[in-house]
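Next come the chains, spelled out residue by residue.
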Amino acid sequence: ASMDTSTGTSTIIPDQQHHQRHTYTRRGQPMSDADRQTMIAKWGSWTLVDTKERPQHDFYKEYPNRDVPRDKFPSNAWQIDKDYLAKFLPESLALVQRAQEAILAEYGKTEGTFEERSAMFYVEHISRQELNATVKGLERSGRGGKQEGRPSTYQGGWTTANGWEGLKRRMLHAVMTEEYFVFAMGGHSASAGHGNHFQQSYTLQVQWILEAVFARMGVRHQARNFGNGGLGTVHNGFGAGSVYGPDVDVLMWDSSMTEGEHAAPEVMARQQILGGVKVPAIWTFRASTAKQLFLHADADSGYVGSGYFGIDVGTSLAQIQSMPWAMQYVRCDNELSQLCRKNEYMGRCWIDRDDYTPTTEQKKEPGGRARWHPGNRIHQVTGRVLTFIFLRALKEALTEWQEAAGHELSDDAWHLTERYEKIRNKVKSMGDDQGSCSDEYGAKHGMGYVCNYGMQARSEFTPRSYPSHTSIRSLMRPEMKAVLGEAPPNAYNPPDVFNPDLHPPTGEIDVLNIVEAGVDFQSVLSPDYTDFYKKPAFAAPPKVPIGKGASLHTRSGDDFCDGSVDSFCNRGDSQTCLLYGHNDGRNTIMIDNLSGWLVMNLPDLKNGYIAMKMDSWHWPEENPKTEGWTTINNQRRLKATRFEDDNYVLVGNTTASSRRGLGKRKVNEHCANFVFEYAIDGKITALNKTEITERLEVVARVVEVITLLDDPNYTGGRGKEVEIAIRMRGCPRLSGKVFAQVMSTGHEAEVKMRSQDESKL
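Chemist: Would you take a moment to explain the state of the cysteines for this structure?
Modeler: Note on terminology: a disulfide is the covalent bond linking the sulfur atoms of two cysteines. By the definition in use, this model includes five disulfides. Note on cysteine connectivity: Cys349 is disulfide-linked to Cys577, with sulfurs 2.1 Å apart. Its torsion about the S-S bond being -90°, the disulfide of Cys349 and Cys577 is classed as left-handed. Highlighted residues: Cys349 in the loop between helix H13 (337-342) and helix H14 (376-403) and Cys577 in the loop between strand E12 (551-553) and strand E13 (588-592), separated in sequence by 228 residues. In this pair, the class of Cys349 matches that of Cys577, namely buried. Two residues share a disulfide in this structure: Cys671 and Cys731, whose sulfurs sit 1.7 Å from each other. Residues Cys671 and Cys731 are joined by a disulfide whose S-S torsion is about -90°; by sign, that bridge is left-handed. With a gap of 60 residues between them, Cys671 in the loop between strand E16 (616-618) and strand E17 (675-680) and Cys731 in the loop between strand E21 (720-729) and strand E22 (737-739) connect regions that are remote in the sequence. We note that Cys671, like Cys731, is buried. Listing the disulfide partners of the protein chain by sequence rank of the bonded cysteines yields 1-2, 3-8, 4-5, 6-7, 9-10.

Structure (structure tokens):
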């Protein structure tokens, strides 16, 4: 079951044929019956109820990308019921229009034509010739500063005719096939929304409004906020199709503070295109990425504007207070900047509930309110820009359907398979001179495979899509997982009690309540993408002995850290701000020189590439499992085996070093006998301290990666289950630990693995 952290619960139930269905639960703030009726009288509500019996099973999945031919729809399907469509399409268009008008009213845009009132959300269409000519002016300047980019960068942004058509088609496809519609964002702490409640981040503000709209049309919508503080995106981007999810329809990059290079957003986009099931539209804050992918691969891409075109600059307190509530304190002149900053956030850490009392004192408000972390009012503007873009595309798509003769759309008008294959094949074929990926990750770091092969990945970092299927632990045998143990539980169960800070004050325009208004929500299909994450069969016994000294360090309730509005994790007893809600966690599996082998099976290695992400700056005491041990696995061995060093009682000294060193380590930071070993199907490769230092590639800040296998002929092009294991040896416990996150290509797995060690691995 997925969980809602606001006013209700979001439930998933299996139908009689074991297909999952999802029912949206209202999140809007409480209203009196009289106020609700007044609101409905002004804005309208959803009134359509389908009284006919419709197919409840997921018949769409029998066709590639759910592209059902029109003549294959069941006879009772609503999509071919002309009488129902004559009601459904106008009702759906009215709902979309209602949502748009509510957003415009929220920002005081009530005078003039629709085009005039919606100018702050205008999306410019740029020709191929103009985009090919330059990137200058395609990105805006700093937040709230001098507006030096082209006007659309301060409105809704820009795209191409091709990109806009692709976005519309994805929305139409979602409605036609009762599909997931997923928006995912990868970014840093500011885009993650640090300092605010997780639900206040702009990514989740998209779901906050759109989910109810889509639910009326039979579509399950989810937005996923994959922001990680202190990082960029490359740690997830190398395996984006798995970590962000194979079902992403629109992918966004927002990490300019931590990723100045052009290759990181490009590899993130390439991997989402190559490594998932769907081929997403790429909407981004990096214009060069949108340009390169469009020009070389015809990818559907665009740039997100700020919306500041429609936000007044506050010059006095009286003027600010006269603005619409949503606009207040968003932009101020220099003299009032501190006043705006002071009023930029709304949030609290705890609201009393009947079934749980915190055992740790709760802070008054969330931390993390650094000057570079925008408050919820600014996040909401960006969220509304994105929401309006999606609503505009959805309205145009529904209008095309309504205007089709007999409401009969040809398959060519909404099928996606041909479009997906065209874009994916072109990305696979992009040359070394096209884009930045090959120069940065190929020529510089020897990892060119991430540019043209779809990687699969497993990680312990949160958030991640389908968390129980995407952890490194999902690749482990039960006996290996037993060594690690379980994630700690949340201190209490969802939902959270009503939090007024997630809603506008009473009497202000309440977009969520306006779009939720109407008859009860009906269940919709919840398509199952978990089959994408293949599980190992473990048909053969382990080829190296399973170690006993690894430990798990993760967020409480990490199986519910999926980055969505419904996520519910990181709420353990020790938390000092339980309502913060953020999923952001650099979680680890730690091993040290006494831990023995950490063993995993990659279920479907195909193209012959395996890489691990590692950290090398943690302290020995961070691994409690080996406390007091003096031998590997804490066992006395009478005779060494081929898997153990003769000097299994470890001795030696280490050199203390910087915990946060970001560059290449010096050789003397390891003890003299240090060895890092990895085994692929039992074949062991040992690297001494010099060799591991040379093999590790620092591809970004605090992102160290080592390629373990680079052999396209390893499996003969056929999927194969492969055991992979790692360990460290040669130093005493006081000098070594490792963590892992796993990464690989094709149908492989990403072992992102961190090493922790005073001797630096």
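Chemist: How should I be thinking about the sheet that holds strand E18 (residues 683-688) in this particular structure?
Modeler: Pairing between sheet strands relies on hydrogen bonds along the backbone, with the strands arranged either parallel or antiparallel. Reading across from one edge, E14-E21-E17-E18 is the order of the four strands in this open sheet, with antiparallel pairing throughout. The open sheet is flanked by strand E14 (598-605) and E18, the only strands paired with a single partner. Neighbour to neighbour, the strand axes of the sheet diverge by 20° on average, direction disregarded.

Chemist: Explanation requested: the sheet that holds strand E6 (residues 220-227) in the structure shown.
Modeler: Pairing is mixed in the open sheet, where seven strands are placed in the order E3-E4-E9-E8-E7-E5-E6. This sheet does not close on itself; its edge strands, each paired only once, are strand E3 (123-125) and E6. Shown here is a sheet whose adjacent strand axes are inclined to one another by a mean of 20°, direction ignored. When strand E7 (residues 250-254) meets strand E8 (residues 281-284), the two strands line up parallel, connected through four bridges. Counterpart to Val250 in the pairing with E8 is Ala281. Relative to E6, helix H7 (residues 202-216) is tilted by about 175°, and along the sheet it contacts strand E5 (180-187), E6 and E7. The sheet strands contacting helix H10 (residues 263-275) are E5, E7 and E8, and the helix crosses E7 at an angle near 165°.

Chemist: Help me out: how do you make sense of the pattern of salt bridges in this one?
Modeler: Any two side chains of opposite charge can pair if their charged atoms end up close together. Applying the stated criterion across every chain, the model contains 41 salt bridges. For the salt bridge of Glu266 with Arg270, the shortest nitrogen-to-oxygen distance reads 2.8 Å. Residue Glu266 and its partner Arg270 are located together in helix H10, separated by four residues, close to a single helical turn.

Chemist: Any chance you could explain unusual backbone geometry here in plain terms?
Modeler: Cis peptide bonds are those with omega within 30 degrees of zero, and the linkage from Thr462 to Pro463 qualifies with 0°. Secondary-structure assignment places Pro463 in the loop between strand E10 (455-458) and helix H18 (467-470). The omega torsion across Pro494 and Pro495 is 5°, close enough to zero to call that bond cis. Tracing the sequence through the fold places Pro495 in the loop between helix H19 (478-484) and helix H20 (511-516). At Glu178, a position not held by glycine, the phi torsion is positive, near 50°. With respect to the element layout, Glu178 can be found in the loop between helix H5 (161-177) and E5.

Chemist: How do you make sense of H10 when you look at a structure like this?
Modeler: Each turn of an α-helix holds 3.6 residues, which means side chains three or four residues apart point in the same direction. Counted at 1.5 Å a residue, the expected span for H10 with its 13 residues is 18 Å, and the 17 Å between its end C-alpha atoms agrees. Across the 13 residues of H10, 13 count as buried, placing the element largely inside the fold.

Chemist: I would appreciate a short explanation of the side chain of His415 in the present structure.
Modeler: Here His415 is to be found in the loop between H14 and helix H15 (417-428). By relative accessible area, His415 is classed as buried at 18%. At 3.0 Å, the side chain of His415 forms a polar contact with the backbone oxygen of Val68. Apart from the residues within four sequence positions on either side, His415 is in contact with Asp67, Val68, Pro69, Arg169 and His173.

Chemist: Explain the environment of Asp355 to me, please; I cannot follow it from the model alone.
Modeler: With respect to the helices and strands, Asp355 occurs in the loop between H13 and H14. Put simply, Asp355 and Tyr492 are 137 residues apart on the chain and 8.0 Å apart in space, counted from C-alpha to C-alpha. At a separation of 2.6 Å, a polar atom in the side chain of Asp355 contacts the side chain of Arg353.

Chemist: What's the story with the side chain of Gln328 in this structure? I'm lost.
Modeler: By the element assignment, Gln328 lies in the loop between helix H12 (317-322) and H13. Here Gln328 falls in the buried class, since its relative accessible area comes to 11%. From its side chain, Gln328 meets the backbone oxygen of Gln321 in a polar contact 3.5 Å long.

Chemist: Even after reading the chapter, I still don't get the packing of aromatic side chains, so can you show me in this structure?
Modeler: Geometry of an aromatic ring pair is reported as the spacing of the ring centres plus the angle between the planes. Following the criterion strictly, the structure yields 27 aromatic pairs and no others. Ring geometry for Phe532 versus Tyr533: centroids 5.1 Å apart, planes at 90°, classification edge-to-face. Here the two residues Phe532 and Tyr533 agree in accessibility, since each one is buried. Three or more aromatic residues joined by ring pairs make a cluster, and in this case those are Phe59, Tyr60, Phe73 and Trp414. Across from the ring centre of Phe294, 4.4 Å away, lies the NZ or CZ of Arg128, which sits over that ring. Taking NZ or CZ as reference, Arg216 lies 3.7 Å from the ring centre of Phe521, over its face.

Chemist: Whenever I open this one, the environment of Gln37 confuses me. Can you help?
Modeler: With respect to the helices, strands and loops of the structure, Gln37 is situated in helix H1 (residues 33-43). According to the relative accessible area criterion, Gln37 is exposed, its value standing at 51%. Considering only alpha carbons, one finds Gln37 and Ala517, 480 residues apart in sequence, at a separation of 9.5 Å.

Chemist: Quick question: what am I supposed to make of the packing of helix H2 (residues 82-106) against H14 here?
Modeler: Helix-helix packing is characterised by the crossing angle of the two axes and by the distance between the axes. Two elements in contact, H2 and H14, have axes separated by 10 Å at closest approach and are oriented at 155°. Taken together, the axes of H2 and H14 lie roughly antiparallel to each other. The two elements H2 and H14 cross, and the hand of that crossing is left-handed. Split into classes, the residues belonging to the contact of H2 with H14 amount to 14 nonpolar, seven polar and four charged.

Rules of the game
- Residues numbered from 1 in each chain as written.
- Predicted model: local features only at pLDDT ≥ 70, side-chain atom pairs only at ≥ 80, totals over all residues.
- Heavy atoms only, no water.
- Disulfide = S-S within 2.5 Å.
- Helix = DSSP H or I, 4+ residues; strand = E, 2+ residues; numbered from the N terminus.
- Buried < 20%, exposed > 50% of the residue type's maximum accessible area, 1.4 Å probe, protein only.
- Pairing = 2+ DSSP bridges.
- Axes fitted to C-alpha atoms, helices over the stretch in contact; angles between N-to-C directions.
- Contact = heavy atoms within 4.5 Å.
- Salt bridge = Lys/Arg side-chain N within 4 Å of Asp/Glu carboxyl O.
- Expected span 1.5 Å × (residues − 1).
- Polar contact = N/O pair within 3.5 Å; in protein donor to acceptor, adjacent residues only side chain to side chain.
- Phe/Tyr/Trp six-rings, centres within 6.5 Å; stacked < 30°, edge-to-face > 60°.
- Lys NZ or Arg CZ within 6 Å of the ring centre and 35° of its normal.
- Parallel < 35°, antiparallel > 145°, perpendicular 65-115°, else oblique.
- Left-handed = near helix turned anticlockwise from the far one by under 90°.
- Nonpolar A, V, L, I, M, F, W, Y, C, P; charged D, E, K, R; others polar.

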